[in-house]
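# Structural overview for review
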Amino acid sequence: MDYSDQPIEGPLYIGFQGAPPLFLCSIFTSFRYNMAMEVTQILLNAQSVDSTVRKHAEETLKQFQEQNLPGFLLSLSGELASEEKPVDSRKLAGLILKNALDAKEQHRKFELVQRWLSLDMTVKAQIKTCLLQTLSSPVPEAHSTASQVIAKVAGIELPQKQWHELIVSLLSNIHQVPAHVKQATLETLGYLCEEVSPDVVDQDQVNKILTAVVQGMNAEEGNNDVRLAATRALYNALVFAQANFNNDMERDFIMRVVCEATLSPEVKIRQAAFECLASISSTYYEKLAPYIQDIFNITAKAVKEDVEPVALQAIEFWSSICDEEIDILEDYGGDFTADSDVPCYYFIKQALPALVPMLLETLLKQEEDQDQDEGAWNLAMAGGTCLGLVARTVGDDIVPLVMPFIQENISKPDWRQREAATYAFGSILEGPSPDKLTPLVNVALNFMLSALTKDPNSHVKDTTAWTLGRIFEFLHGSTVETPVITPANCQLIVTVLLQGMKDAPNVAEKSCGALYFLAQGYDDMGASSPLTPYFQEIVQSLLTVTHREDAGESRLRTAAYETLNEVVRCSTDETAPMVLQLTPIIMTELHQTLEGQKLSSDEREKQSDLQGLLCGCLQVIIQKLGASESTKFVFMQYADQIMNLFLRVFACRNATVHEEAMLAIGALAYATGPDFAKHMPEFYKYLEMGLQNFEEYQVCAVTVGVVGDVCRALEDKILPYCDGIMTQLLKDLSSNQLHRSVKPPIFSCLGDIALAIGENFEKYLMYAMPMLQSAAELSAHTSGADDEMIEYTNLLRNGILEAYSGIFQGFKNSPKTQLLISYAPHILQFLDSIYMEKDMDDVVMKTAIGVLGDLADTLGSNAGSLIQQSLSSKDFLNECLSSDDHLIKESAEWAKLAITRAISV
């Protein structure tokens, strides 16, 4: 029977004129692709509790996908669209469809996009028809899943100028009578705005989408599901509304509807509306002035009276305003001129007298178990976080508004009041000036130390230890003029913190944190530190903490090792013998984790975490003892054993541990110098494995850094391994599977290798230089790029320039320098381009002017005339010579000398 001429009838197809009937979706699959298989049962089996049934079904689905992708996708879309099918199979069909279109990893996403675009047009049309029809399904799981899949397809096709009828089709659907169709369509528009970038949709369609969404949010809309879908859709659509927010009338209308939605009787709608307000505050900060008073009234009411999920979002609005004002004030340092991008409206400063009391009130709404739950987030925590942001925004002005609350509540019998007062104090320690805070801290410090030991309540102790950590972080150290820690109170502070480390895990963890910042403040004390007399006791106490039965709770073990590392890192020469004694202790602990006992997967994960912490600890010890010749000499007795331990760690399959072991080996290579060559035959295979690890790209990035460390340690002794390393690095650079963040360090690493092996780099020039040139061309221009892209481009430029610098320095004084002459014009052109773009950061500027100097220094008179012909070398040099940054200025002065020599030859 030929179904193609059958008329379409019934309410199901309204708004999707021309779409074939539903059953065609499945029939198309079966007949056209001869894949008559019962996909429903397989999908249900794939969710079975019986692992054998489940695995068999998953395998069948995988084979179906590999053998006949079009039939597979059509089967899934037919399943999703069919009202006869069970909810569970429809939902999974939609989920698999979605995963066939998108992935987190960039390279996989790219493959899936290409795969979809290369499918037969008829097949794609058929799938899209099924998806659109599913929006009319009365089953929420089906139409909601279809919404997400449609958005994924739109994310691929709209930028390619395909499926241009989609938005029209969706908008015509808004006027459907069944509320669930309207709800599903609004959800789809919301997801679509999340997937597609604003420049893909023309303004006329943006206006229509916003009109549909805002109408759906209106109080006249009787159906709450529709209103909620519309409010959530607006959240995603806001970034499209630039032109509409520039129009006073349209902006007023949108703001009125959002503010009305914050008063809806439905909790989820109120919550979604406040989420919209928070997003508007960051996206359209400069448009908020006319509405800020009304918004304050709405948010204050919500914080005082509404349920927690809504109140949290109301606080989030003010946190978001703080973030904006902190950014503006940091960017312009408070000096606003007419050409500032966004002026600061000082909303927080104006709201201060009412905002601070509102936030202080929230601090009293703690939850009994919040300190034990790592993911806890409640009104008191949100209020304290916002108070901290307010302090950073307004500085000294917050102090007189918060101090009366602290003084009133700090000694009250109710633990909630004492904890809230302590939390308020800790929250305002970053932002106001030390001059304003130091007198207050001097009065409060003894009280806090007493509370940490004697307060009967664990919450109060937890917050007290956290506040002490904040005092030591912001008001202690060489930059603070009036120290709060003196010879008179140092011993008491150490004693109290070590006592705190014996308390409940959450209190002990915060006490470790306070000790961490206490040690950090003495980092650059030179020969002697006030902590030296307590060093042995501190180290012993921290090791004891790591062995506590309950050290797995509240991140306690991790905090203890991090603090131990900081105490070691900031220690002085006086305590070096004690650091040396610590070395075999940590080695023994690492050795014990490597002994072959049978562990459950949960125990193995804990074991891996511990190995990572111990490798990190050894890295700090190596760096500390390797920094001076006298301690390095004694430490070297352990070097071989430590290296063997690290090599054994690589046998454990865990990315985090590999990363930590790699970093520690880098430190060991640097400390050992040329003698490290003896470890290379054994270590090289792990180095190669790390460079090939595209999946866990952080391991790859760390390994690239270690190649640099090893080059600096071995110099030309690295030569036997260079072919393998260079092959792998060049492979990494040309791969689209490797995360882009690893590529800048790889370029730098080419420079490290060239510097280590000098003129022996000759045989790699023909491979490395073209790759550097094409990357340089790509990174030269950034027009139209967003901030994130410009930041990445600068990292890339810096890597490329460091490679050039290493190559020039490596070839210096070699008879083979003439090999580099042919590359000089291109490098100068690259320097011209990035100078003209005017978006170099200081790091790139320093490296770039250094490369200009290296080029002149290595090529001498051969470079002189080229530099003179260069478009902007002279301007660039002059700009760097007058830079405020002394590092740029230093590099420029050296470059000037080199250029002068090259020109005068």
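The structure displayed is predicted, hence computed values, not measured ones.

The rules behind each value
Residues numbered from 1 in each chain as written. Predicted model: local features only at pLDDT ≥ 70, side-chain atom pairs only at ≥ 80, totals over all residues. Heavy atoms only, no water. Salt bridge = Lys/Arg side-chain N within 4 Å of Asp/Glu carboxyl O. Helix = DSSP H or I, 4+ residues; strand = E, 2+ residues; numbered from the N terminus. Buried < 20%, exposed > 50% of the residue type's maximum accessible area, 1.4 Å probe, protein only. UniProt positions renumbered as here; feature names shortened; annotations may be inferred. Core = buried A, V, L, I, M, F, W, Y, C linked by side-chain atoms within 4.5 Å. Contact = heavy atoms within 4.5 Å. Expected span 1.5 Å × (residues − 1). Patch = residues over 30% accessible without salt bridge, like charges linked within 9 Å, V, L, I, M, F, W, Y side chains within 5 Å. Areas by Shrake-Rupley, 256 points an atom, 1.4 Å probe, with all protein chains shown as cover. Lys, Arg positive; Asp, Glu negative; His and termini not counted. Charge placed at Lys NZ, Arg CZ, Asp CG, Glu CD.

## Digging into the pattern of salt bridges
- Across all of its chains, the model carries 36 salt bridges by this definition.
- Lys-128 is paired through a salt bridge with Glu-157; the nearest N and O atoms lie 2.6 Å apart. Remark: Glu-157 occurs in helix α8 (residues 140-157) and Lys-128 occurs in helix α7 (residues 121-134); sequence separation between them is 29 residues.
- The closest approach of N and O atoms between Arg-418 and Asp-455, which form a salt bridge, is 2.8 Å. Residue Arg-418 is located in helix α21 (residues 415-427), and its partner Asp-455 is located in the loop between α22 (434-454) and α23 (458-474); the two are separated by 37 residues in the primary sequence. With respect to class, Arg-418 is no different from Asp-455; both count as buried.
- Overlapping salt bridges bring together Asp-462, Glu-509, Lys-510, Arg-555 and Glu-562 as one network.

## Re the UniProt feature "domain: Importin N-terminal" (unreviewed entry) in the protein
- UniProt marks residues 57-137 with the feature "domain: Importin N-terminal" (unreviewed entry), using the numbering shown here.
- For the annotated span residues 57-137, helix accounts for 78% and strand for 0% of the residues, and the straight-line distance between the end C-alpha atoms is 27 Å.

## Things to note about the nonpolar core
- In this structure, Val-390, Phe-683, Ile-753 and Phe-761 are the most contacted members of the largest nonpolar core, which totals 301 residues.
- Tallying contributions element by element places helix α17 (residues 308-332) first for this core, with 11 residues.
- With sequence-adjacent residues up to four places away left out, Phe-683 is seen in contact with Met-643, Leu-647, Phe-650, Met-662, Ile-665, Phe-676, Val-706 and Val-710.

## A few points about helix α32 (residues 655-672)
- In a regular helix each residue adds 1.5 Å, so 18 residues correspond to 26 Å; α32 covers 25 Å between its end C-alpha atoms and thus fits that length.
- For α32, the full list of buried residues reads Val-657, His-658, Ala-661, Met-662, Ala-664, Ile-665, Gly-666, Ala-667, Leu-668, Ala-669, Ala-671 and Thr-672.
- Those residues of α32 that are buried lie in contact with α29 (601-626), α30 (629-635), α31 (639-649), α33 (680-691) and α34 (697-714).
- Of the residues trailing α32, Gly-673 is marked for its positive phi of about 70 degrees.

## Re a negative patch on the surface
- A contiguous patch of negative charge on the surface is contributed by Glu-316, Asp-323, Asp-327, Glu-330 and Asp-331.
- Note that Asp-331 resides in helix α17.
- What makes Asp-331 exposed here is its relative accessible area of 62%.

## With respect to the environment of Phe-240
- Here Phe-240 is to be found in the loop between α12 (224-237) and α13 (242-246).
- Measuring from C-alpha to C-alpha, the distance between Phe-240 and Gln-698 comes to 34 Å, with 458 residues separating the pair along the chain.
- Setting aside residues no more than four positions away along its own chain, Phe-240 makes contact with Cys-193, Val-196, Ser-197, Pro-198, Val-201 and Val-206.

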